[in-house]
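# Descriptive structure summary
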Amino acid sequence: MKYLHTMVRVTNLAESLKFYQDALGLKLIKQTDYESGRFSLIYLAAPGDEDAQVELTHNWDPEVYTGGRNFGHLAYSVENIYEACQRLMDHGVVINRPPRDGYMAFVRSPDNISVELLQAGEPLPKAEPWASMPNIGSW
């Protein structure tokens with residue numbers, strides 16, 4: 001058995017790609033558009049880790065998705081959690097659970113999917129402004 005991917009349905013492909021690629025830093029692996037089925041499949045992965053992919057499914061006809069929190073979350077290990085969170089904030093992403101402990105943070109995608117960021121290796125020393133930042137919303 002081999003892990004292939006996690007699928008997330010997205011409503012606004014441009015906003016989702018801005019989040020997953022620009023803010024989170026994932027790289028596009030493949031995109032296939034299915035004209036007859038009116039949907040696109042977009043595969044993304046962390047740089048250097050193409051075996052663990054996220055599939056964004058974009059149905060071309062408008063649809064409202066609910067229960068994003070019921071999905072659970074995507075989790076990524078990062079080299080420096082403070083730099084990763086700063087990059088996300090610089091892209092306008094709310095840090096719902098800041099890395100006060102130097103180890104873990106949560107953000108949400110434009111479709112309300114929770115994304116967990118975990119510091120690779122040992123937690124970083126506690127640092128401001130992260131140590132004093134409160135939780136925002138749910139994560």
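In this report, we go over the structure that sits alongside the text. (Residues numbered from 1 in each chain as written. Predicted model: local features only at pLDDT ≥ 70, side-chain atom pairs only at ≥ 80, totals over all residues. Heavy atoms only, no water.)

### Details of the packing of aromatic side chains
All chains considered together, the criterion is met by four aromatic pairs. Seen from their ring centres, Phe-19 and Tyr-20 are 5.0 Å apart, and the 85° between their planes marks the pair as edge-to-face. No difference in accessibility class separates Phe-19 from Tyr-20, as the two residues are buried. Taking the centre distance of 4.7 Å and the plane angle of 35° together, the rings of Phe-106 and Trp-139 count as tilted. Of this pair, Phe-106 sits in strand S7 (residues 104-108) while Trp-139 is found in the segment after strand S8 (114-119), placing the two residues 33 residues apart along the sequence. (Phe/Tyr/Trp six-rings, centres within 6.5 Å; stacked < 30°, edge-to-face > 60°. Buried < 20%, exposed > 50% of the residue type's maximum accessible area, 1.4 Å probe, protein only. Helix = DSSP H or I, 4+ residues; strand = E, 2+ residues; numbered from the N terminus.)

### Remarks on the layout of surface pockets
Rolled over the atoms, a probe sized like a water molecule indicates the empty space that remains. Estimates place the volume of the largest pocket at around 360 Å³. Taken together, 15 residues line the largest pocket, and the ones lying closest to its centre are Leu-24, Pro-47, Ser-77, Val-78 and Arg-87. Of all elements in the fold, only strand S5 (73-78) and helix H2 (81-90) reach the threshold of two or more residues within the lining of the largest pocket. Taken together, the residues of the lining of the largest pocket sort by class into eight nonpolar, three polar and four charged. (1 Å grid on protein atoms, 1.4 Å probe; cavity = no way out; pocket = protein on both sides within 12 Å on 5 of 7 lines; lining within 4 Å. Points joined across faces, edges and corners; volume = space filled by probe spheres on them. Nonpolar A, V, L, I, M, F, W, Y, C, P; charged D, E, K, R; others polar.)

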